[in-house]
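Reading the structure
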Amino acid sequence: MSTDTSLNKTALYDWHISKGAKMVGFAGYWLPVQYTAGVLKEHFVVRESCGLFDISHMLQTIIKPKDLSMIRKDYVDEVVIKEIENVFPMDIASLNPGKAKYGYILNENGGIIDDLIITRRNDDFFLVSNASRKTQVLSHLKKYLNNFVVEPTEKISLVAVQGVDSAKVMYEMFPSLSGLKFMDSIAEKFFEEDIYISRLGYTGEDGFEISIPDSKVVEFVNKLIELKVVPCGLGARDSLRLESGLCLYGNDLTEETTPVEAAISMFSRKTLDQKPAIGGDVILEQKAIGITKKRIGLTNEFNIPMRKDVVLCNDADENIGYVTSGTMSPLLRKPVAMAYVNIEYAKGERPIYALIRENKVLCQIEKMPFVSSRYCK
């Protein structure tokens, strides 16, 4: 294994090594890509029982009003809401304490700076976003949130417990979680330390993400192992999110793609015309006059994987798009991919071919998610 000292280590680095993990560099961190069982078995662990992921590389940020009287459990000041909804083109005003939303922040051209989860707590907002976008996200938030203090957390890990048995495992440790549904969250204690648990994840299965001090995370994951939870790596997390039609920033989402093009504009609030947001005018314009490209799901009948950057063409060999993410679906046992295509090809009425090893492979558009999600709703 490389000894690249430029990469950060999570608080679980030594624990991963002790469990036989193969470590790789990802988003500036050493993270496990797989353990000794391999990616395929880890994938099915989550689909059939319960897996554990170290996602401590993700950026966790606390957004708190400078004047704490502007937000409390039963009240949010109009000035605060207006400012935060200018940055997040989502319906933040309707968020009750302990509720989360998936969304994004946009540049002035409507491009996606990052996708994220924002949770309203009693006196602040808790944001989880991508490690690779840390500089861009913090810069954007600090530029526009003048009435807030924007603080990335320090020495706080983040782990995900995912799979059909995740509720059984977590209820055993924390009976208070039994009332939580998808996108709910709650503050808890673990060995007298404050932790924060959210019922969500990025695998398409029921699951929980736990924000916990570095000093307690090894004890926490060891308890999970005692309860037969299986450690899983980035490889399985990628194949799981792809089967579930979930985007990966840097592949399927960039600052050159808008929410309408990425087919995630449904997460924007409906009042963008009345309560504007940065980049929101582009969303409204594209919904009104249309777009030139769109994210779609693809498969093919030849069991040939379609990987990132594979070129898509038409009958006349003209370039009509490109693959952004692709794999062989372990569950479906066929290739699945996400791609952007020229809008006239997005309905599946014209043939689409993938250029793979100098061969034209006929593709079929398939509705996403490829595998139905099983969130606790």
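Conventions used here
Residues numbered from 1 in each chain as written. Predicted model: local features only at pLDDT ≥ 70, side-chain atom pairs only at ≥ 80, totals over all residues. Heavy atoms only, no water. Pairing = 2+ DSSP bridges. Helix = DSSP H or I, 4+ residues; strand = E, 2+ residues; numbered from the N terminus. Axes fitted to C-alpha atoms, helices over the stretch in contact; angles between N-to-C directions. Parallel < 35°, antiparallel > 145°, perpendicular 65-115°, else oblique. Left-handed = near helix turned anticlockwise from the far one by under 90°. Contact = heavy atoms within 4.5 Å. Nonpolar A, V, L, I, M, F, W, Y, C, P; charged D, E, K, R; others polar. Buried < 20%, exposed > 50% of the residue type's maximum accessible area, 1.4 Å probe, protein only. Arc of directions from axis to C-beta. Disulfide = S-S within 2.5 Å.

**As for the pairing of strand β3 (residues 29-34)**
- Pairing geometry for strand β1 (residues 8-9) and β3, over two bridges, is parallel. Among the inter-strand pairings, K9 is bridged to a residue of β3, identified as W30.
- Relative to β3, strand β2 (residues 22-26) runs antiparallel, the two sharing five bridges. Bridging across to β3, M23 finds its partner in P32.
- Hairpin connection from β2 to β3: two residues lie between these consecutive antiparallel strands, with A27 at a positive phi of about 55°.

**As for unusual backbone geometry**
- Cis geometry is found at the peptide bond from M368 to P369, where omega equals 0°.
- Relative to the helices and strands, P369 is located in the segment after β22 (359-365).
- Positive phi is not limited to glycine here, since K155 has a value of about 55°.
- Structurally, K155 can be placed in the loop between β11 (148-152) and β12 (156-162).
- Residue F191 is not a glycine yet carries a positive backbone phi of 50°.
- The topology assignment puts F191 in the loop between β13 (185-190) and β14 (193-198).

**Things to note about the packing of helix α2 (residues 39-48) against helix α7 (residues 234-243)**
- For the pair α2 and α7, interaxial distance at closest approach is 8 Å and the crossing angle is 55°. By the angle between their directions, the pair α2 and α7 is classed as oblique. Taken as a pair, α2 and α7 cross one another with a handedness that is right-handed. Here V39, E42, H43, V46 and R47 of α2 lie close against α7, whose contacting residues are G235, A236, S239, L240 and E243.
- Of the residues that constitute the contact of α2 with α7, the class distribution is four nonpolar, three polar and three charged.

**A few points about the environment of P32**
- Tracing the sequence through the fold places P32 in strand β3.
- Classification of P32 by relative accessible area gives buried; the value is 3%.
- Between the alpha carbons of P32 and L227 there is a distance of 21 Å; along the sequence they are 195 residues apart.
- Here P32 is in contact with H16, A21, K22, M23, G233 and L234, once residues within four sequence places are set aside.

**As for helix α8 (residues 280-289)**
- Along α8, the positions that sit buried rather than exposed are G280, V282, I283 and Q286. Angularly, the buried residues of α8 cover 160° about the axis, an arc narrow enough to put them on a single face. Exposed side chains of α8 directed beyond 90 degrees from the buried face belong to D281, A288 and I289.
- Close packing links the buried residues of α8 with β8 (99-106).
- Looking one or two places after α8, you find G290, whose phi comes out positive at around 100°.

**Quick notes on the state of the cysteines**
- Evaluation of the coordinates by the stated rule reveals zero disulfides.
- As a non-bridged cysteine, C232 has C50 as the owner of its nearest cysteine sulfur, 8.4 Å distant.
- C232 sits in the buried class, given a relative accessible area of 1%.
- There is no disulfide at C313, and the cysteine sulfur nearest it, in C363, is 8.8 Å away.

**Looking at the sheet that holds β3**
- The mixed open sheet is built from three strands, whose spatial order is β1-β3-β2. Each of the sheet's edge strands pairs with one partner strand only, and the pair in question is β1 and β2.
- Sitting on the sheet, α7 touches β2 and β3, and the angle it makes with β3 is about 70°.

Just distances and angles here, no functional claims.
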